[in-house]
Amino acid sequence: RMTISDDIVTGLRAIVRKSGLISFHVNYRAPDGSMPYLKLGEYPEMSVDRARNLARTVLSLSELGIDPVEGLHKRLVRELEEKGVKWRP
């Protein structure tokens, strides 16, 4: 396994596995001070440019004190409830 840090967006990394799978992750500061990684996607569905744009968004939200993972979860719950989907968290 090899990890490659991006020179353009701080916190963005590509992980290359022995199998050849490449995944993009961003390291951000959560409101509680922790530094989690968020997986953005896998190549080729996720391009480097798209990963950079998503990483910038995650980092911007983080700077505003918003945890992107928590925000995505809240949005998912809201959208499922709006559609009347029955589920258990």
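As a reminder, the structure under discussion sits directly above these lines.
So, a few notes on the structure that sits alongside this text. (Residues numbered from 1 in each chain as written. Predicted model: local features only at pLDDT ≥ 70, side-chain atom pairs only at ≥ 80, totals over all residues. Heavy atoms only, no water.)

## Points about the sheet that holds strand β4 (residues 37-42)
Across the sheet, which stays open at both edges, the 4 strands sit in the order β1-β2-β3-β4 with antiparallel pairing between neighbours. Of all strands in the sheet, those bounded by a partner on one side alone are β1 (2-5) and β4. In this sheet, adjacent strand axes meet at a mean angle of 30° when their direction is disregarded. Relative to strand β2 (residues 12-16), β1 is paired through 4 bridges, and the arrangement is antiparallel. Pairing of S5 across the sheet is with R13, part of β2. (Pairing = 2+ DSSP bridges. Helix = DSSP H or I, 4+ residues; strand = E, 2+ residues; numbered from the N terminus. Axes fitted to C-alpha atoms, helices over the stretch in contact; angles between N-to-C directions.)

## With respect to helix α2 (residues 68-82)
Counted at 1.5 Å a residue, the expected span for α2 with its 15 residues is 21 Å, and the 21 Å between its end C-alpha atoms agrees. All of the buried residues in α2 are P68, V77 and L80. Contacts made by the buried residues of α2 are with β4 and α1 (48-63). Its side-chain oxygen placed 3.0 Å from the backbone nitrogen of V69, D67 serves as the N-cap of α2. (Expected span 1.5 Å × (residues − 1). Buried < 20%, exposed > 50% of the residue type's maximum accessible area, 1.4 Å probe, protein only. Contact = heavy atoms within 4.5 Å. Polar contact = N/O pair within 3.5 Å; in protein donor to acceptor, adjacent residues only side chain to side chain.)

## Focus on the pairing of β2
Connecting β1 to the antiparallel partner β2 that follows it, the hairpin turn spans 6 residues, and G11 within it adopts a positive phi of roughly 100°. Pairing analysis gives 5 bridges linking β2 to strand β3 (residues 22-27), with the strands arranged antiparallel. Bridge assignment links R13 to a residue of β3, and that residue is H25. In textbook terms, the turn of a hairpin is the stretch between consecutive antiparallel strands, and for β2 and β3 this stretch comprises 5 residues, one of which, G20, has a positive phi near 100°.

## Observations regarding the pattern of salt bridges
Counted by the stated rule, this structure contains 5 salt bridges. Note that D6 and R52 form a salt bridge whose closest N and O atoms lie 2.7 Å from each other. Placement of the pair is D6 in the loop between β1 and β2 and R52 in helix α1, with a sequence separation of 46 residues. Overall, the relative accessible area of 17% leaves D6 in the buried class. Measuring nitrogen to oxygen at the nearest pair gives 3.8 Å for the salt bridge that ties R78 to E82. Taken together, the positions of R78 and E82, both in helix α2 and 4 residues apart, correspond to about one turn of that helix. The class for E82 is exposed, based on a relative accessible area of 61%. Bridged by salt links that share partners, the residues D6, D49 and R52 form one connected network. (Salt bridge = Lys/Arg side-chain N within 4 Å of Asp/Glu carboxyl O.)

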